[in-house]
Amino acid sequence: MTGTVTRVVDLSVVVPAYNEEQRLGPTLDAVVAYLTDNESRFGAWEVVVADDGSTDGTRDLVTSRQDPRVQLVTAARNRGKGHALRLGVAATSGRRVLVTDADLAAPIEELEQLDKALGEGNAAAIGSRSVPGATIERHQHRVRELLGRAGNLLIRGVAVPGIRDTQCGFKLFEGDRAREAFAASRLNGWGIDVEVLQHFHRSEWPVAEVPVRWSHRSGSKVGALDYGRVLAELARLKARSLRPADLFACALFLLMAVTLYSGRLFDPAHRYLPDSLQDQNQWEWFFAATADSVAHLRNPLFTDLQGFPDGVNLMANTVMLGLSVPFTPVTLAFGPAVSLSVCMTLGLAATAAAWYRLIVKRVARRRAAAFLGAALAAFAPPMVSHANAHPNFVVLFMIPLLVDRALRLCAGTRVRRDGVVLGLMAAYQIFLGEEPLLLAAIGMTLFAAAYGLVRRDVARRAWRPLAKGLLIALAVCLPIVAYPLYWQFTGPQSYRSVLHGDNAGNSPLALLAFSERSLLFGDAARANSLSLNPTEQNAFYGWPLALLALGIVVRLWERPLVKALAVTTGGAALLSLGPRFRIPLTDMVYPGPWALLAHRPLFESVIEGRLAMICAPALGMLLAVAVERLLATRRVGTLYGGLLAVCLALLPIVPAPLKAEDRAPVPEFFTSGRWKPYVREGESLVPVPLPDPGGAEALHWQTAAHLGFRMPGGYYNGPWGPDHTGIYGAAPRYTSDLLRDVRYSGVVPVIGRNWRAQARRDFAFWHAGALVLAPQPNDGPLRQAVTQLVGRPGRWTGGVWVWDLHEER
């Protein structure tokens, strides 16, 4: 290294150079002339050329100058712009440091604008081609320009939010802060600009983005591969920005999810979650059908593979296109069982990580407090119940992101951008699950109303940007989801609402009881008596946690956040009781607040007990607030007493791993392709009895046969009757009802001429090529019933009984 500068100057100019013999001379002439003419404004100056191992005459060009204020620092070999800038800035001593590229694409005269912005209290002023007032006199090639814009969008999202143009090579810094930021940098390539600006952002040093004149110069050193290198450096930058505590928390969330699913995760094709009832079969079929549609370029919103010949409106069912479509390669390569298992395990861990990020950012900075809060939000008893069967209520990582983006809107700093992002996020969540989005909206409304009443000053400042941002989000979201929603509500096999009983709300006791999967206090009989089924244990937070939450609210009631979270929790719990509820141990029945919404569009299809799931993140945030307060106390007795209370409240709801059992093997008839001769073009294969929500193993057989045949019946939501009321499964027919009754009762009714004639009509409606009966409970009576309906015995082949309906035609 030569030319070390020891004197203090007002302005240092750093020029990184690599093989710049042709362009550097005019640049130095322009810089020196301008600074000499403007010493009255900029004071004493120096120019430091940071040579990055040039192999041409770049070094000689600098050393041949007689001006001692033009200095040279050199690297032994070429290592990248970042390394050169680190050397150059370290060699400066100016109160301000200007970094400019060797091509001087932004004229040195633009220094005046940057200097003005620095004098207004900013720690850095960076030239920008993307803010109003900027002038581009000569554009880059269109492809490079588009790549640059895409890169800037990514950079804003990953590292430096709010800065539109990080890569314009004309930046002015306060000297000491520049030397600190560059010394702390580690990147050697083009990503150095992002890394330094990220340092300023994290240090909360203000940065002004100043419009400049800019003109593309020929001879750029940025090659096509450099865009990929910048992306790699961004990934490294993002990875290094993660705190070890955050990585540890995410690893624990993943371990918790793996433990919960350990019974199925390691052999998903041959293991079944019995508490999912028939839902595992249904969801695996959804993933398989979506992959088949994508692979064959079919409409993913509709299929007639089940429910034949009417078909299934997939958009009106929770197929989660937002995951089943991107998981198509996994499904095709490893099967839908693997896809579903991996999706639910990773999705649950990602949901916990997303709540953790939100809590750290908005609620509690202490990582231990945030971890406990996020663990409660993602692994609360209702979440574990749905983890058996409902990925749409497990994979909820978008919900915390939506909450955070809505809170950003309230700040009013970047309403347009945040509104656009919120709209895109909402559109994606619709393809993950509409009901969770509706529940999240209810929860956010409860919170906003409560917080607005407590902090009216905040509400007055926030409502305008929030309203504007929501309108922007709606304008962005609607064009994306308009056609799928149109298909859902008016397309083939659409329905009006789903019948799930007059009152599917929670009993008040369910809010205080323990769930079936509680590791210490699980009681299946008690939990199932207070819920619809094992997949719908939507409350079960336990009385110790309820008491702890009450204590937190009373102790920290002065905090507006605690008040709003308390109202959110209490409001959601009340709504979850349904349109009417009975006071336990009495005959007194009262209308619930849900009665006001129960018959409104969209709300009428909600299983109201699920509203208690809103309590999980609200309770998690209350817990995080309390634990952070405990960890900050200096009173040892208070600390240990409080942590003991937290442990006693959480231990009873720690879940046991989900129950799993060996799966019944698929009959060889389906796996070997023996079914093919029985099903001709336009025909279906009819399992006996037809698949329905009570028995959908036939969906598994169909996926094992690579969806090679269609079948009537099925497990899905579809229309029934002239009003198109939603029901679970296909619209019933006489023969399907008969076979279902035999399956459950084992009793074969008297089957005469009328029943056989009706069966022929139903077989014709289903375009049935053959009937198939696999070994199952009551298969003897079922075989007898089918033999009488068809008029002849079946044939045993491939592990099933088959009645070939072509033989009688």
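Scroll up to find the structure.
The shown structure was predicted, so the numbers you read here are calculated from the model rather than taken from an experiment. (Residues numbered from 1 in each chain as written. Predicted model: local features only at pLDDT ≥ 70, side-chain atom pairs only at ≥ 80, totals over all residues. Heavy atoms only, no water.)

### A short note on the environment of Glu-204
Here is step 1 of the chain: Counting through the fold element by element, Glu-204 comes out in the loop between helix 8 (192–202) and strand 8 (207–211).
Here is step 2 of the chain: Residues Glu-204 and Ala-123, spaced 81 residues apart in sequence, show a C-alpha to C-alpha distance of 9.5 Å. (Helix = DSSP H or I, 4+ residues; strand = E, 2+ residues; numbered from the N terminus.)

### What about the sheet that holds strand 20 (residues 795–797)?
Here is step 1 of the chain: If you trace the 4 strands from one edge of the open sheet to the other, you get 16-19-21-20, paired in mixed fashion. The open sheet terminates on both sides in strands that have one partner only, identified here as strand 16 (684–687) and strand 20. For this sheet, the mean inter-axis angle between neighbouring strands, taken without regard to orientation, is 35°.
Here is step 2 of the chain: Bridging between strand 16 and strand 19 (residues 768–773) involves 4 bridges; their strand directions are parallel. Within strand 19, the residue paired with Pro-687 across the bridge is Val-772. (Pairing = 2+ DSSP bridges. Axes fitted to C-alpha atoms, helices over the stretch in contact; angles between N-to-C directions.)

### Some details on the packing of aromatic side chains
Here is step 1 of the chain: Here the structure, examined in full by the defined rule, presents 21 aromatic pairs.
Here is step 2 of the chain: Between Trp-283 and Phe-286 the ring centres are 5.5 Å apart and the planes differ by 90°, which places this aromatic pair in the edge-to-face class. Here Trp-283 and its partner Phe-286 are both found in helix 12 (residues 279–295), 3 residues apart, which amounts to about one turn of the helix. Across the pair, Phe-286 and Trp-283 agree in class, each one buried.
Here is step 3 of the chain: The interplanar angle of 50° and the centroid separation of 5.8 Å between the aromatic rings of Phe-669 and Tyr-678 together place this pair among those described as tilted. Take Phe-669 and Tyr-678: they sit in the same class, and that class is buried.
Here is step 4 of the chain: Ring-pair connections join several aromatic residues into one group, and the members of that group are Phe-669, Phe-670, Trp-675, Tyr-678, Trp-701 and Phe-709.
Here is step 5 of the chain: Just above the ring of Phe-765 sits the side chain of Arg-733; from NZ or CZ to the centre is 4.0 Å. (Phe/Tyr/Trp six-rings, centres within 6.5 Å; stacked < 30°, edge-to-face > 60°. Buried < 20%, exposed > 50% of the residue type's maximum accessible area, 1.4 Å probe, protein only. Lys NZ or Arg CZ within 6 Å of the ring centre and 35° of its normal.)

### Things to note about the side chain of Ser-385
Here is step 1 of the chain: You can see Ser-385 is positioned in helix 17 (residues 381–387).
Here is step 2 of the chain: Judged by its relative accessible area of 3%, Ser-385 is buried.
Here is step 3 of the chain: Among the polar contacts made by the side chain of Ser-385, one reaches the main-chain amide nitrogen of Gln-537 at a distance of 3.0 Å.
Here is step 4 of the chain: Residues in contact with Ser-385, not counting those within four places in the same chain, are Pro-534, Thr-535, Glu-536 and Gln-537. (Polar contact = N/O pair within 3.5 Å; in protein donor to acceptor, adjacent residues only side chain to side chain. Contact = heavy atoms within 4.5 Å.)

### Overview of the nonpolar core
Here is step 1 of the chain: Membership of the largest hydrophobic core comes to 146 residues, with the highest contact counts inside it found for Phe-253, Tyr-261, Leu-545, Phe-669, Phe-670 and Leu-685.
Here is step 2 of the chain: Excluding residues that lie within four positions of it along the chain, Phe-670 makes contacts with Trp-675, Leu-685, Trp-701, Ala-705, Phe-709, Val-772 and Val-800.
Here is step 3 of the chain: Val-15, Leu-61, Ala-106 and Ile-108 belong to the second-largest nonpolar core, a separate cluster that totals 36 residues. (Core = buried A, V, L, I, M, F, W, Y, C linked by side-chain atoms within 4.5 Å.)

### Focus: unusual backbone geometry
Here is step 1 of the chain: For the bond from Phe-308 to Pro-309, the omega torsion is 5°, close enough to zero to count as cis.
Here is step 2 of the chain: Counting through the fold element by element, Pro-309 comes out in the loop between strand 11 (302–303) and strand 12 (312–313).
Here is step 3 of the chain: For the bond from Val-688 to Pro-689, the omega torsion is -10°, close enough to zero to count as cis.
Here is step 4 of the chain: Summarising the element assignment, Pro-689 is placed in the loop between strand 16 and helix 29 (697–704).
Here is step 5 of the chain: Of note in this structure, Glu-204 is not a glycine but carries a positive phi near 60°.
Here is step 6 of the chain: For Glu-204, a relative accessible area of 71% translates into the label exposed.
Here is step 7 of the chain: Unusually for a residue other than glycine, His-706 sits at a positive phi of about 60°.
Here is step 8 of the chain: Of note, His-706 is situated in the loop between helix 29 and strand 17 (717–720).

### Observations regarding a nonpolar patch on the surface
Here is step 1 of the chain: Nonpolar side chains collect at one region of the surface, where Leu-512, Trp-543, Leu-547, Leu-550 and Val-554 lie side by side and expose about 540 Å² of accessible area between them.
Here is step 2 of the chain: The element that contributes the greatest number of residues to the nonpolar patch is helix 24 (residues 543–555), accounting for 4 residues.
Here is step 3 of the chain: By the element assignment, Val-554 lies in helix 24. (Patch = residues over 30% accessible without salt bridge, like charges linked within 9 Å, V, L, I, M, F, W, Y side chains within 5 Å. Areas by Shrake-Rupley, 256 points an atom, 1.4 Å probe, with all protein chains shown as cover. Salt bridge = Lys/Arg side-chain N within 4 Å of Asp/Glu carboxyl O.)

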